[in-house]
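Chain by chain, the residues run as shown.
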Amino acid sequence: QKEVEQDPGPLSVPEGAIVSLNCTYSNSAFQYFMWYRQYSRKGPELLMYTYSSGNKEDGRFTAQVDKSSKYISLFIRDSQPSDSATYLCAMTHTGANSKLTFGKGITLSVRP
Amino acid sequence: DTEVTQTPKHLVMGMTNKKSLKCEQHMGHRAMYWYKQKAKKPPELMFVYSYEKLSINESVPSRFSPECPNSSLLNLHLHALQPEDSALYLCASSQGRDGSQPQHFGDGTRLSIL
């Protein structure tokens, strides 16, 4: 079992839809959870950063972490064509040798 | 624009060439990273520097040689690369190395080996 599983997609939705992106993980030591957005020919851009369980909202984006189920989600409300990108979940534990563990990424296309 | 700047944006080199990739950040971050990303794959960690000292080398071949001249700069020296080394090379930085601070990425150098 991989440490982080992410539905590979791709995912295509109409403009204005609510998008739900999900990752599951197996390492209970993970405490910090991130979502990165990567446009074509660009580097990953930090979208959301959360610690432990709970919800965090930033504009149209909501990140949700459920440590008991080892499950994280990113919700995008009122999706726009400009949201079309690859979304990577990433997570890490605390400690001197902590490293980011990424999901495989999912490509989202928002149709006008 | 990202706060981590990488140059050049594109690089084409032959297998016998020597070249360097550069990364600069002015956020006061003390940890800097090199990643390699192949198409449709997540980034793979190569090297980590913490307070200008190499702290992680993910068994990267010696044809890749990292250097951290100061807390704002990170270089990756390339020599005798192979065609399979063609990829997007990403630099990232974070305030610390303990995992509690997120990493911020540059836009990468797209490297092609002829």
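As a starting point, this report considers the structure included with it. The structure displayed is predicted, hence computed values, not measured ones.

Focus on the packing of aromatic side chains
Alright, step 1. According to the stated counting rule, one finds 11 aromatic pairs over all chains in the structure shown.
Alright, step 2. Each ring, one from A:Tyr32 and one from A:Tyr51, has its centre 5.0 Å from the other, and the planes form 35 degrees; the classification is tilted. A residue pair is termed long-range when its members are at least 10 positions apart, and A:Tyr32 in strand β4 (residues 32-38) and A:Tyr51 in strand β5 (residues 45-51) qualify at 19 residues.
Alright, step 3. A ring pair is formed by A:Tyr36 and A:Phe102, whose centres lie 6.2 Å apart and whose planes are at 50 degrees; its orientation type is tilted. A residue pair is termed long-range when its members are at least 10 positions apart, and A:Tyr36 in strand β4 and A:Phe102 in strand β10 (residues 101-102) qualify at 66 residues.
Alright, step 4. Residue classification places A:Tyr36 among the buried positions, given a relative accessible area of 0%.
Alright, step 5. By the ring-pair criterion, three or more aromatic residues cluster together here, those being A:Tyr36, A:Phe102, B:Tyr33, B:Tyr35 and B:Phe105.

Some words on unusual backbone geometry
Alright, step 1. With an omega of 5 degrees, the peptide bond running from A:Gly9 to A:Pro10 counts as cis.
Alright, step 2. Within the secondary structure layout, A:Pro10 lies in the loop between β1 (4-6) and β2 (11-14).
Alright, step 3. For the peptide bond that leads from B:Thr7 to B:Pro8, omega is -10 degrees, which places it in the cis range.
Alright, step 4. Tracing the chain through its elements places B:Pro8 in the loop between β1 (4-7) and β2 (10-13).
Alright, step 5. Phi at B:Tyr51 is positive, roughly 50 degrees, even though this residue is not glycine.
Alright, step 6. For B:Tyr51, the location among the structural elements is in the loop between β5 (44-50) and β6 (53-57).
Alright, step 7. For B:Tyr51, a relative accessible area of 52% translates into the label exposed.
Alright, step 8. Residues other than glycine seldom take positive phi values, yet B:Glu52 does so here, at roughly 70 degrees.
Alright, step 9. Mapped onto the fold, B:Glu52 is located in the loop between β5 and β6.

Describing the nonpolar core
Alright, step 1. Counting 25 residues, the largest nonpolar core has A:Trp35, A:Ile72, A:Leu74, A:Tyr87 and A:Met91 as its most contacted members.
Alright, step 2. Counting only elements with at least two residues in this core, the list comes to β3 (19-25), β4, β5, β7 (61-66), β8 (71-76), β9 (85-92) and β11 (106-111) of chain A.
Alright, step 3. When sequence neighbours within four positions are dropped, the list of residues in contact with A:Tyr87 reads A:Gln6, A:Leu21, A:Tyr36, A:Arg37, A:Leu47, A:Leu74, A:Ile76, A:Gly105, A:Ile106 and A:Leu108.
Alright, step 4. Formed by 22 residues, the second largest nonpolar core is a distinct cluster that contains B:Leu11, B:Trp34, B:Val60 and B:Leu81.

Describing the interface of chain A and chain B
How big an interface is tends to be stated in terms of accessible area lost as the parts join.
Alright, step 1. With 23 residues of chain A at the interface, the matching set in chain B holds 21 residues.
Alright, step 2. When chain A packs against chain B, close to 1,700 Å² is buried across both sides, 52% of that on carbon and sulfur atoms.
Alright, step 3. Ranking the residues of chain A by area buried against chain B places A:Arg41, A:Lys99 and A:Phe102 at the top, with a combined share of 25%.
Alright, step 4. Here chain A and chain B share two salt bridges between them.
Alright, step 5. Scanning the region where chain A abuts chain B turns up nine residue pairs in polar contact (both at pLDDT 80 or more).
Alright, step 6. Examining the composition of the side of chain A that touches chain B, we find that four residues originate from one element, β4(A), more than from any other.

Details of the pattern of salt bridges
In a structure, side chains of opposite charge can pair up when their charged atoms sit close to one another.
Alright, step 1. Here the structure, examined in full by the defined rule, presents seven salt bridges over all chains.
Alright, step 2. When the shortest N-O distance is used, the salt bridge between A:Lys42 and B:Asp107 registers 3.6 Å. Of this pair, A:Lys42 sits in the loop between β4 and β5 while B:Asp107 sits in the loop between β10 (104-105) and β11 (109-113), each in a different chain.
Alright, step 3. Here A:Lys42 falls in the partly exposed class, since its relative accessible area comes to 41%.
Alright, step 4. Between B:Glu52 and B:Arg30 there is a salt bridge, and its shortest N-O distance comes to 3.0 Å. With a gap of 22 residues between them, B:Glu52 in the loop between β5 and β6 and B:Arg30 in the loop between β3 (18-25) and β4 (31-37) connect regions that are remote in the sequence.
Alright, step 5. On the basis of relative accessibility, which here comes to 35%, the residue B:Glu52 falls in the partly exposed class.

Some details on the sheet that holds β3(B)
All names here are of chain B.
Alright, step 1. If you walk across this open sheet you meet the four strands as β1-β3-β8-β7, and the pairing is antiparallel. Edge positions in the open sheet fall to β1 and β7 (64-70), since each of these has one partner strand only. With direction set aside, neighbouring strand axes in the sheet form an average angle of 20 degrees.
Alright, step 2. Here β3 pairs with strand β8 (residues 73-79) via seven bridges, running antiparallel. The partner of lysine 19 across the bridge, within β8, is leucine 78.

Criteria and thresholds
- Residues numbered from 1 in each chain as written.
- Chains lettered and ligands numbered in written order.
- Predicted model: local features only at pLDDT ≥ 70, side-chain atom pairs only at ≥ 80, totals over all residues.
- Heavy atoms only, no water.
- Phe/Tyr/Trp six-rings, centres within 6.5 Å; stacked < 30°, edge-to-face > 60°.
- Helix = DSSP H or I, 4+ residues; strand = E, 2+ residues; numbered from the N terminus.
- Buried < 20%, exposed > 50% of the residue type's maximum accessible area, 1.4 Å probe, protein only.
- Core = buried A, V, L, I, M, F, W, Y, C linked by side-chain atoms within 4.5 Å.
- Contact = heavy atoms within 4.5 Å.
- Buried area = accessible area lost by both parts, 1.4 Å probe.
- Salt bridge = Lys/Arg side-chain N within 4 Å of Asp/Glu carboxyl O.
- Polar contact = N/O pair within 3.5 Å; in protein donor to acceptor, adjacent residues only side chain to side chain.
- Pairing = 2+ DSSP bridges.
- Axes fitted to C-alpha atoms, helices over the stretch in contact; angles between N-to-C directions.

By themselves, these are just geometric observations and shouldn't be taken as functional.
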